[in-house]
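# Descriptive structure summary
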Amino acid sequence: MANPPWAEIREKFQAALALSRVELHKNPEKEPYKSKYGARALLEEVKALLGPAPEDEDERSQAEDGLGAGDHTLGLPAEVVEAEGPIAQGAVRLAVIEFHLGVNHIDTEELSAGEEHLVKCLRLLRKYRLSQDCVSLYIQAQNNLGILWSEREEIETAQAYLESSEALYNQYMKEIGSPPLDPTEHFLPEEEKLAEQERSKRFEKVYTHNLYYLAQVYQHMEMFEKAAHYCHSTLKRQLEHNAYHPIEWAINAATLSQFYINKLCFMEARHCLSAANVIFGQTGKISTTEDTTEAEGDVPELYHQRKGEIARCWIKYCLTLLQNAQLSMQDNIGELDLDKQSELRALRKKELDEEERVRKKAVQFGTGELCDAISAVEEKVSYLRPLDFEEARELFLLGQHYVFEAKEFFQIDGYVTDHIEVVQDHSALFKVLAFFETDMERRCKMHKRRIAMLEPLIVDLNPQYYLLVNRQIQFEIAHAYYDMMDLKVAIADKLRDPDSHIVKKINNLNKSALKYYQLFLDSLRDPNKVFPEHIGEDVLRPAMLAKFRVARLYGKIITADPKKELENLATSLEHYKFIVDYCEKHPEAAQEIEVELELSKEMVSLLPTKMERFRTKMALT
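Residues numbered from 1 in each chain as written. Predicted model: local features only at pLDDT ≥ 70, side-chain atom pairs only at ≥ 80, totals over all residues. Heavy atoms only, no water.

## Regarding the overall build of the protein
In terms of regular secondary structure, the protein is built from 23 helices and zero strands. Within the protein, buried positions represent 47% of all 621 residues. For the protein, restricting intrachain contacts to residue pairs at least 6 apart in sequence, the fraction spanning at least 24 positions comes to 74%. (Helix = DSSP H or I, 4+ residues; strand = E, 2+ residues; numbered from the N terminus. Buried < 20%, exposed > 50% of the residue type's maximum accessible area, 1.4 Å probe, protein only. Contact = heavy atoms within 4.5 Å.)

## Overview of the packing of aromatic side chains
Per the stated rule, a full pass over the model turns up 26 aromatic pairs. Between F13 and F187, the aromatic rings sit 4.2 Å apart at their centres with planes inclined by 20°, giving stacked as the arrangement. Remark: F187 occurs in the loop between α7 (155-175) and α8 (196-220) and F13 occurs in helix α1 (residues 5-20); sequence separation between them is 174 residues. Like F187, F13 is buried. Within the aromatic cluster, the residues linked to one another by ring pairs are Y169, Y172, F203 and Y207. Taking the ring centre of F410 as reference, the NZ or CZ of R312 above it sits at 5.5 Å. Over the ring of Y482 we find R549, and its NZ or CZ is 5.3 Å from the ring centre. (Phe/Tyr/Trp six-rings, centres within 6.5 Å; stacked < 30°, edge-to-face > 60°. Lys NZ or Arg CZ within 6 Å of the ring centre and 35° of its normal.)

## Here we look at the layout of surface pockets
By volume, the second largest pocket is sized at about 1400 Å³. Taken together, 39 residues line the second largest pocket, and the ones lying closest to its centre are I333, G334, H479, D483 and R549. Breaking the lining of the second largest pocket down by element, the ones donating at least two residues are α13 (300-329), α17 (416-436), α18 (440-460), α19 (467-493), α21 (540-556) and α23 (594-620). With eight residues, α19 is the single largest residue contributor to the lining of the second largest pocket. Its residues placed into classes, the lining of the second largest pocket shows 17 nonpolar, eight polar and 14 charged. Residue assignment places the lining of the second largest pocket across two domains, with domain 2 (246-284 + 301-438) and domain 3 (532-620) each supplying three or more. (1 Å grid on protein atoms, 1.4 Å probe; cavity = no way out; pocket = protein on both sides within 12 Å on 5 of 7 lines; lining within 4 Å. Points joined across faces, edges and corners; volume = space filled by probe spheres on them. Nonpolar A, V, L, I, M, F, W, Y, C, P; charged D, E, K, R; others polar. Domains from an automatic or database assignment.)

## Thoughts on the packing of α13 against helix α16 (residues 389-409)
In the contact formed by α13 and α16, the axes pass within 8 Å of each other and the chain directions differ by 155°. In terms of their interaxial angle, α13 and α16 are classed as roughly antiparallel. When the axes of α13 and α16 are compared, the crossing they make is left-handed. Residues of the contact of α13 with α16, tallied by class, amount to 15 nonpolar, four polar and four charged. (Axes fitted to C-alpha atoms, helices over the stretch in contact; angles between N-to-C directions. Parallel < 35°, antiparallel > 145°, perpendicular 65-115°, else oblique. Left-handed = near helix turned anticlockwise from the far one by under 90°.)

## Some thoughts on the environment of N507
Tracing the backbone through its elements, the reader meets N507 in helix α20 (residues 500-522). In this structure, the C-alpha to C-alpha distance between N507 and I558, residues 51 residues apart in sequence, is 6.6 Å. In this structure, N507 is in contact with I557 and I558, ignoring residues within four places of it in sequence. Side-chain polar atoms of N507 contact the backbone oxygen of I558, separated by 2.8 Å. (Polar contact = N/O pair within 3.5 Å; in protein donor to acceptor, adjacent residues only side chain to side chain.)

## Description of the pattern of salt bridges
Taken as a whole and judged by the stated rule, the model has 29 salt bridges. Between E567 and K564 there is a salt bridge, and its shortest N-O distance comes to 3.7 Å. One end of the pair is E567 and the other is K564, both in helix α22 (residues 562-585) and three residues apart, which spans about a single turn. Under the relative-accessibility criterion, E567 is labelled partly exposed at 39%. In the salt-bridge network here, residues are joined through shared partners; they are D182, E198 and R202. (Salt bridge = Lys/Arg side-chain N within 4 Å of Asp/Glu carboxyl O.)

## As for a negative patch on the surface
A contiguous patch of negative charge on the surface is contributed by E537, D538, E588 and E592. Mapped onto the elements of the fold, E588 is located in the loop between α22 and α23. Taking relative accessible area as the criterion, E588 reaches 43% and is therefore assigned partly exposed. (Patch = residues over 30% accessible without salt bridge, like charges linked within 9 Å, V, L, I, M, F, W, Y side chains within 5 Å. Areas by Shrake-Rupley, 256 points an atom, 1.4 Å probe, with all protein chains shown as cover. Lys, Arg positive; Asp, Glu negative; His and termini not counted. Charge placed at Lys NZ, Arg CZ, Asp CG, Glu CD.)

## Some details on the side chain of N143
Topologically, N143 is positioned in helix α6 (residues 135-151). Not counting chain neighbours up to four residues away, the residues in contact with N143 comprise L162, S165, V206, N210 and Y213.

## Quick look at unusual backbone geometry
A positive phi angle, near 50°, is found at N242, a position not held by glycine. If you trace the backbone, N242 turns up in the loop between α9 (224-240) and α10 (246-262).

## Comments concerning the packing of α10 against helix α11 (residues 266-280)
In the contact formed by α10 and α11, the axes pass within 8 Å of each other and the chain directions differ by 165°. Relative to α11, the element α10 is oriented roughly antiparallel. Crossing of α10 over α11 shows left-handed handedness. In this structure, α10 uses P246, I247, W249, A250, A253, A254, L256, S257, Y260 and I261 to contact α11, whose residues at the interface are F266, E268, A269, C272, L273, A275, A276, I279 and F280.

## Structural notes on the confidence of the model for the protein
Confidence in the prediction for the protein averages 88 pLDDT; 90% of positions are at 70 or higher. Below a pLDDT of 50 lies the segment residues 56-70, which in the model reaches 22 contacts outside its immediate sequence neighbourhood of four places, other chains included. Scored below 50 in pLDDT, residues 292-297 shows eight contacts in the model against residues more than four places distant or in partner chains. (pLDDT = per-residue confidence, 0-100.)

If you want it as structure tokens, here you go:
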């Protein structure tokens, strides 16, 4: 180390690191990579000063084999070979330079050159990869190759590198355990080497990155269970090592909640969302770390967007929990089944008893004060299926609170699709709350609220550009009017002598439902206004349901005019017949609407007789 060039080598290396850390926006606009190229030149100078790596015969024969995606050492246990002596030290220092040259080329979008340098780094370190001097550098090189292959969409190759890193970390911690050297220490004088605590912090951060990249790879491979596990572990470790930015951490935790919601694991989903709220609340309150991204430095726009996105995750939580409760308690016509409700009440104690056992097994975020803060948010939100209106209303109000919060950012101007989805979720919250409501007049008002928020969207949307969304909203509005009509009919049936006002109300609701179902069905016609002979799979069920409900609606129109009633029955028969005929021509359609098809067949059989009686009656009068 007394050689004159050593001080120069160290100085150039540190200067190269400093240039590598310069943010791109601080470079001239026409030379965004100026600092990167400057760092590269210095690294090449250091490489030249170090000279070629001395290789023993064993190392040379391995080098000739090459190393890439099919490397036979990936994931295999390593033997502890310490990097001692001039040959080993020379190889390790050169490997550090190759690593930084690899990252540098990747940063300047020269992926092939970057890969070449990283592979050289691994080749130089292969023998020493389990040693305290080299394990961190080896894992970092493999992590970067994993990312590189992932960007090339060669996911299995990326997986091999990243899983190899994970295996090497686990083997090192099991067999050695002491904090390894950080790669930069190979160019530091002894007195400037890092303390063990700092080494440990950096090494754990490298492993956390490894888990994070694995989570993404497993997600890409549709190994969702595994991806969620690795994502959860990553988030937990980031908190433990205080290596996170609040906005990014919170959105990742909220996104993870969606996996648990889809699995109906509401306790875990609630924990993720509560943690997201608490950590998001730290934005601007904690000092920025080296992990703080450039985009997060500005905050306002990103802050409000992420706040809206987390709110949308909460909406999904409330809506899915309510809908799951409805599915558990409804009868075959979609009404509340009191027997099922009683059974679920009896099971409630068992669910509460399970809570403690599940909690002990679950991965919890945070410790101490942070854990208490997350628990305080959790305690205000139920994870159990609501069993009555009051419990459902609490979840509804929470969901509605987050609807308003989401709409603050996702406004119709600029975020059309997102805004519409939020409004549709709001409508769905009212719809599922109506299921729990026993008062039919109040249920009507809930559906009326849905219509009031959905109808303006139709006016604002261009049907040419938003055809699918338009169809969804038309169908939903039609269904809301349809439900209101059914409720008004049920209210009228309880009265001895319904007055003309109620009859007019029922007919108006019927007319509105028909209007929107017809708009939906007309949207399926071709440019020549011809209804398709073969309905697309994506709209088959809604189209058949619309036809069925139109048939039923015409049969429900209240009129004192026999001729008009006969016309309505004929139109009703026409739509029932369409369903039966279509399913005969396209047998695969039958399984989409089994119940409606059976009822349609029945009506096709009964209506002609009813219509004939009407004609006879009219002839006699």
